[in-house]
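Letter by letter, the chains look like this.
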Amino acid sequence: MTLPPGTPDLEVLDLLVSVAELGSLGAAARRHGISQPAAGMRISTLERRLRLRLLDRGHTGSALTDAGHTLIELSRPVLAAAAVLADGIAALHHTTRPSLHIAASKTIADHRIPQWLSALRKIRPELAVALEVANSQQVTTAVRDRDTELGFVEGPHPPPGLGSRVLVADDLVVVVAPTHPWATRRRAVTLRELADTPLLWREKGSGTRDTVWQALQMHGTPAPPAAELGSAAAILATARSAAAPAVVSRLIVAHELRARTLHEVSLDDSIVLTRKFRAIWHRRTPPNGPAQDLVELAIRIEATRRRRSPQ
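This structure is a prediction, so every number in the text was calculated from the model and none was measured.

Peer 1: Just checking my understanding: could you explain the side chain of R278 for this structure?
Peer 2: Checked against the element boundaries, R278 lands in strand β11 (residues 274–282). Nearest to the buried, unbridged R278 among oppositely charged side chains is D210, at 9.8 Å. Engagement of the side chain of R278 in a polar contact is seen with the backbone oxygen of G155, the distance being 3.1 Å. Those residues in contact with R278 that lie beyond four places of it in its chain are G151, F152, V153, G155, P156, H157, P158, S164, R165, V166 and L167.

Peer 1: Mind showing me how you'd approach the packing of helix α1 (residues 10–22) against helix α2 (residues 25–32) here?
Peer 2: The relative placement of two packed helices is expressed as an angle between their axes plus a distance between the axes. Contact geometry for α1 and α2: axes closest at 8 Å, N-to-C directions at 130 degrees. Here α1 lies oblique to α2, going by the angle between them. Considering only the axes of α1 and α2, their crossing is right-handed. Of α2, the residues touching α1 (which contributes D14, L15, S18, V19, E21 and L22) are L25, A27, A28, R31 and H32. A per-class count over the contact of α1 with α2 returns six nonpolar, two polar and three charged.

Peer 1: Mind showing me how you'd approach the packing of aromatic side chains here?
Peer 2: Centre-to-centre distance and the angle between the planes together describe a pair of aromatic rings. Taken as a whole, this structure holds two aromatic pairs when the rule is applied. Aromatic pair W116 and F152: ring centres 5.4 Å apart, planes at 50 degrees, arrangement tilted. Here the residue W116 occupies a position in helix α6 (residues 113–123), and F152 occupies one in strand β5 (residues 150–155), the gap between them amounting to 36 residues. Neither W116 nor F152 differs from the other in exposure class; each is buried.

Peer 1: For this particular structure, what's the right way to read the pattern of salt bridges?
Peer 2: Note on pairing: side chains with opposite charge can pair once their charged atoms come close. For the structure shown, the criterion picks out 16 salt bridges. Between E21 and R31 there is a salt bridge, with the nearest N and O atoms lying 2.8 Å from each other. On the criterion of sequence distance, the pair formed by E21 in helix α1 and R31 in helix α2 is long-range, its members being ten residues apart. The class of E21 is partly exposed, set by a relative accessible area of 45%. Among the ionic pairs, R165 bridges to E296, the shortest N-O distance being 2.7 Å. Taken together, the residues span a long stretch of sequence, with R165 in strand β6 (residues 162–176) and E296 in helix α12 (residues 290–308) at a distance of 131 residues. Residue E296 is classed as partly exposed on the basis of its relative accessible area of 28%.

Peer 1: I tried to follow the environment of A67 on my own but got confused; where do I start?
Peer 2: By the secondary structure assignment, A67 is in helix α4 (residues 66–95). By relative accessible area, A67 is classed as partly exposed at 25%. A67 has contacts with R53 and L54, leaving out every residue within four places of it along the chain.

Reading the values: rules and limits
- Residues numbered from 1 in each chain as written.
- Predicted model: local features only at pLDDT ≥ 70, side-chain atom pairs only at ≥ 80, totals over all residues.
- Heavy atoms only, no water.
- Helix = DSSP H or I, 4+ residues; strand = E, 2+ residues; numbered from the N terminus.
- Buried < 20%, exposed > 50% of the residue type's maximum accessible area, 1.4 Å probe, protein only.
- Lys, Arg positive; Asp, Glu negative; His and termini not counted.
- Salt bridge = Lys/Arg side-chain N within 4 Å of Asp/Glu carboxyl O.
- Polar contact = N/O pair within 3.5 Å; in protein donor to acceptor, adjacent residues only side chain to side chain.
- Contact = heavy atoms within 4.5 Å.
- Axes fitted to C-alpha atoms, helices over the stretch in contact; angles between N-to-C directions.
- Parallel < 35°, antiparallel > 145°, perpendicular 65-115°, else oblique.
- Left-handed = near helix turned anticlockwise from the far one by under 90°.
- Nonpolar A, V, L, I, M, F, W, Y, C, P; charged D, E, K, R; others polar.
- Phe/Tyr/Trp six-rings, centres within 6.5 Å; stacked < 30°, edge-to-face > 60°.

None of the figures reported here should be taken as evidence of function without further support.
Written as structure tokens, this is what we have:
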């Protein structure tokens, strides 16, 4: 289908409708963000093109002629259809905007994801990222069930049945309140002592809990927890009350250690409390495009961080 010769463009028809609604060429020009002379020239060009007089121009304003009124009524459904078309095009842009759905454990989401996503935004500014925050077990389930494209978890071992890549190692530390007996103790705490002591634990499914539990199991079943808490913030607050020792990521407790509201306990050299931060994915859909970019950026950023950190 081709438009017949002389078909007016939509912008000038919209301008003419504004003149009818506002009763003034100047007011219509202001609505459309153009000067009054420019608006007058556009209407005059339309009149010559249609060979019709559309406006009666006077000192007190501009009034539509009978032909102008008729053209306005013919134009309204066309302009309404154009608005629907514009909305549809905008919706297409929204639905076709590239997106990435990821899930991350709480520690990684709080202390690593923001920097990784900031770097990703620099190379993919058009990308919309949706982040879900949960514990490592829940993230693993979401990836396994294909509810998310890419997951970030913490723990001693990769989740079985999934693809994974180590991003960085994370040290765990034992902390107590300054008034706790371990805060002033000179002798290092042994693994057996740690295993026999009721600790503040994260909830089941936490990567921190899995790492500590595996290390302590070398001396049998660890002591029952002093408390099980669902967030690092709750654990730190409880540890500050001298209720019990806690094992947490150094990332989480760094501020508390600097402020001396918590004290790091010296551990026997045989104790290794280190976990891995990993990217995980369904084996049938390894990361590509934005997901692959995010994994590579995370590895690069963490490698740079290790080089710059004091040895």
